[in-house]
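Here is how the chains run, residue by residue.
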Amino acid sequence: MQSNILEAIGIDPAYILIFMFLILVAMGVFLASLTMKYNRLKRSYSRFMRGSDGKTLEDSIRHHLEEMERIETLSEQNQMELRSLQNKISGSIQKTGLVQYDAFNEMGGRLSFAFTMLDGEDNGWILNAMHSREGCYIYIKEIHNGECRTELAEEEAESLEQAMYGETDELAGIE
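This is a predicted model, so every value here is computed, not measured.

We now examine the nonpolar core. Membership of the largest hydrophobic core is limited to six residues, which are L118, I126, I143, L160, A163 and M164. Here this core gets three residues from one element, more than from any other, and that element is helix 4 (residues 154-165). In contact with I143, other than residues within four places in its own chain, are L118, D122, N123, G124, W125, I126, C148 and L160.

Let us now look at the side chain of N128. Checked against the element boundaries, N128 lands in strand 3 (residues 124-131). For N128, a relative accessible area of 4% gives the class buried. Among the polar contacts made by the side chain of N128, one reaches the side chain of E156 at a distance of 2.9 Å. Ignoring sequence-local partners within four residues, the contact set of N128 consists of Y101, F113, A114, Y137, I138, Y139 and E156.

So, on to unusual backbone geometry. With the exception of glycine, the majority of residues adopt a negative phi angle, and the majority of peptide bonds are in the trans configuration. Backbone geometry places D122, a non-glycine residue, at a positive phi of 60°. You can see D122 is positioned in the loop between strand 2 (112-118) and strand 3. Positive phi, close to 50°, is recorded for N145, a residue that is not glycine. Position of N145 among the secondary structure elements: in the loop between strand 4 (136-144) and strand 5 (147-148).

A few words on the sheet that holds strand 5. Read from one edge of the open sheet, five strands run 1-2-3-4-5, paired in antiparallel fashion. Each edge of the sheet is formed by a strand with only one pairing partner; in this case those strands are strand 1 (95-101) and strand 5. As paired strands, strand 1 and strand 2 are joined by seven bridges and run antiparallel to one another. Paired with V99 across the two strands is A114, which belongs to strand 2. Seen against the sheet, helix 4 touches strand 1, strand 2, strand 3 and strand 4 and runs at an angle of roughly 150° to strand 1.

For the structure shown, the criterion picks out four salt bridges. Here D122 and K95 are joined by a salt bridge, their closest N and O atoms 2.7 Å apart. With D122 in the loop between strand 2 and strand 3 and K95 in strand 1, this residue pair connects regions lying 27 residues apart in the sequence.

For helix 4, which comprises 12 residues, the first-to-last C-alpha distance of 16 Å matches the rise-based estimate of 16 Å (1.5 Å per residue) to within 8%. For helix 4, the complete set of buried residues consists of E156, S159, L160, Q162, A163 and M164. Its buried side turned inward, helix 4 meets strand 1, strand 2, strand 3 and strand 4. One or two steps after helix 4, the chain reaches G166, where phi turns positive at roughly 70°.

Cut-off values and rules
- Residues numbered from 1 in each chain as written.
- Predicted model: local features only at pLDDT ≥ 70, side-chain atom pairs only at ≥ 80, totals over all residues.
- Heavy atoms only, no water.
- Core = buried A, V, L, I, M, F, W, Y, C linked by side-chain atoms within 4.5 Å.
- Buried < 20%, exposed > 50% of the residue type's maximum accessible area, 1.4 Å probe, protein only.
- Helix = DSSP H or I, 4+ residues; strand = E, 2+ residues; numbered from the N terminus.
- Contact = heavy atoms within 4.5 Å.
- Polar contact = N/O pair within 3.5 Å; in protein donor to acceptor, adjacent residues only side chain to side chain.
- Pairing = 2+ DSSP bridges.
- Axes fitted to C-alpha atoms, helices over the stretch in contact; angles between N-to-C directions.
- Salt bridge = Lys/Arg side-chain N within 4 Å of Asp/Glu carboxyl O.
- Expected span 1.5 Å × (residues − 1).

See below:
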């Protein structure tokens, strides 16, 4: 059987068959590639859903969301508690300084001392205990923002400096 259309165009029917065969082979390769990708996706999905159906997966997601909300609430509570603790701590004694000295030049030994106690804002007291053979005299001076309204003795100033700047000298007060 001959086609008048193909003869009029001048195309041999064998070329059309070869072209159609090549298209069929290309489509087969494309189908094989798609099948492999589909199988890989199916295996991946099966691994993800192993032991679960849609209902248990939904329950698992809901459980994790509830857990995240609980953790967020706990985190907010912890932050509030930390702020409260920071406020409380700022008013407590955080810094100290101690200087031992001989108040009366070799008469009483190194039994006298100046002890400074400051909070986080450099407010507090200096306790000065002067020891002699006749007795012990204790003086206290109030500190506001790292300064004292009354004049400080050399040992008291050194003790205040130690407390404020953390300068601890192992030989403090030893000359």
